[in-house]
Amino acid sequence: MKTTKFILSSELIRDNAISAINDIELSGKAQVTISDVGAKSARQRALNWMWNNEVAESGIGGKHEDTAEGVHLVSKYRWALPILQRDDEHFASLYDIWVQLYKGDEQRMLWFIDKQVHTEAMSVSQNAEFLTAFQRFYLKHGVSLTDPELKLLEIK
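Here the structure is a predicted model, which means the values were calculated and not measured.

**A short note on the packing of aromatic side chains**
As enumerated under the stated definition, the model contains eleven aromatic pairs in all. An aromatic cluster of three or more residues is present, and its members are Phe91, Tyr95, Trp98, Tyr102, Trp111 and Phe112.

The structure is reproduced here in structure tokens:
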């Protein structure tokens, strides 16, 4: 039997995993292992940058969304920052202090987002939440994003 790996980042993928398990013959010759994959997966990273480029190329972006790097900066502010604030009280305190000191200074606020908000440090589940929010927002605003289900970016 060929090894199949499912990274559970959407309901469709979870349903596909359950279906694959249901299709396994009950002979005692197959093993199913469920584990935490740890930090951000390479597939999530690739999908994030593919989408950053697609948004930048769409022309719908705002002040900072004309490059993939700018889209990444804006998306870290919109979605990664709230996730990190919610899940890490020390990070939330640091950000609160920074805002108190530099709220009116756009350059310092941009620096904080660029240098202190790291999607690389987020867990797979946090990144799945981040990417889902990104996808919903930009699809709602008319950007055509690559469908990760069709590209099989989560399943390998």
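Structure shown, so let's carry the discussion forward.
**Quick notes on the pattern of salt bridges**
For the structure shown, the criterion picks out seven salt bridges. Of the charged contacts, one joins Arg86 and Asp87 as a salt bridge, the two residues approaching to 2.6 Å between their closest N and O atoms. Among the ionic pairs, Arg108 bridges to Asp105, the shortest N-O distance being 3.3 Å. Among the residues examined, Arg108 registers a relative accessible area of 38% and is labelled partly exposed.

**Remarks on the environment of Arg108**
With respect to the helices and strands, the residue Arg108 is situated in helix α5 (residues 106-116). Between the C-alpha atom of Arg108 and that of Trp98, which follows or precedes it by ten residues, the distance is 8.8 Å. The contact partners of Arg108, leaving out residues within four places of it in the chain, are Trp98 and Tyr102.

**Focus on the packing of helix α3 (residues 68-87) against α5**
One can describe the packing of α3 onto α5 by two numbers: an axis separation of 10 Å at closest approach and a directional angle of 75 degrees. In terms of their interaxial angle, α3 and α5 are classed as roughly perpendicular. Contacts between α3 and α5 involve Leu73, Lys76, Tyr77 and Leu81 from the former and Leu110, Ile113 and Asp114 from the latter. Split by residue class, the contact of α3 with α5 holds five nonpolar, no polar and two charged.

**Brief notes about the environment of Glu57**
Relative to the assigned elements, Glu57 resides in helix α2 (residues 42-58). Take Glu57: its relative accessible area is 67%, and that puts it in the exposed class. The spacing of Glu57 and Thr67 is ten residues in sequence and 7.7 Å in space, taken between C-alpha atoms.

**Regarding the side chain of Glu65**
Within the secondary structure, Glu65 sits in the loop between α2 and α3. Overall, the relative accessible area of 7% leaves Glu65 in the buried class. A distance of 3.2 Å separates polar atoms of two side chains, one belonging to Glu65 and the other to Arg78. Of the polar contacts made by the side chain of Glu65, one reaches the side chain of Tyr138; its length is 2.2 Å.

Cut-off values and rules
- Residues numbered from 1 in each chain as written.
- Predicted model: local features only at pLDDT ≥ 70, side-chain atom pairs only at ≥ 80, totals over all residues.
- Heavy atoms only, no water.
- Phe/Tyr/Trp six-rings, centres within 6.5 Å; stacked < 30°, edge-to-face > 60°.
- Salt bridge = Lys/Arg side-chain N within 4 Å of Asp/Glu carboxyl O.
- Buried < 20%, exposed > 50% of the residue type's maximum accessible area, 1.4 Å probe, protein only.
- Helix = DSSP H or I, 4+ residues; strand = E, 2+ residues; numbered from the N terminus.
- Contact = heavy atoms within 4.5 Å.
- Axes fitted to C-alpha atoms, helices over the stretch in contact; angles between N-to-C directions.
- Parallel < 35°, antiparallel > 145°, perpendicular 65-115°, else oblique.
- Nonpolar A, V, L, I, M, F, W, Y, C, P; charged D, E, K, R; others polar.
- Polar contact = N/O pair within 3.5 Å; in protein donor to acceptor, adjacent residues only side chain to side chain.

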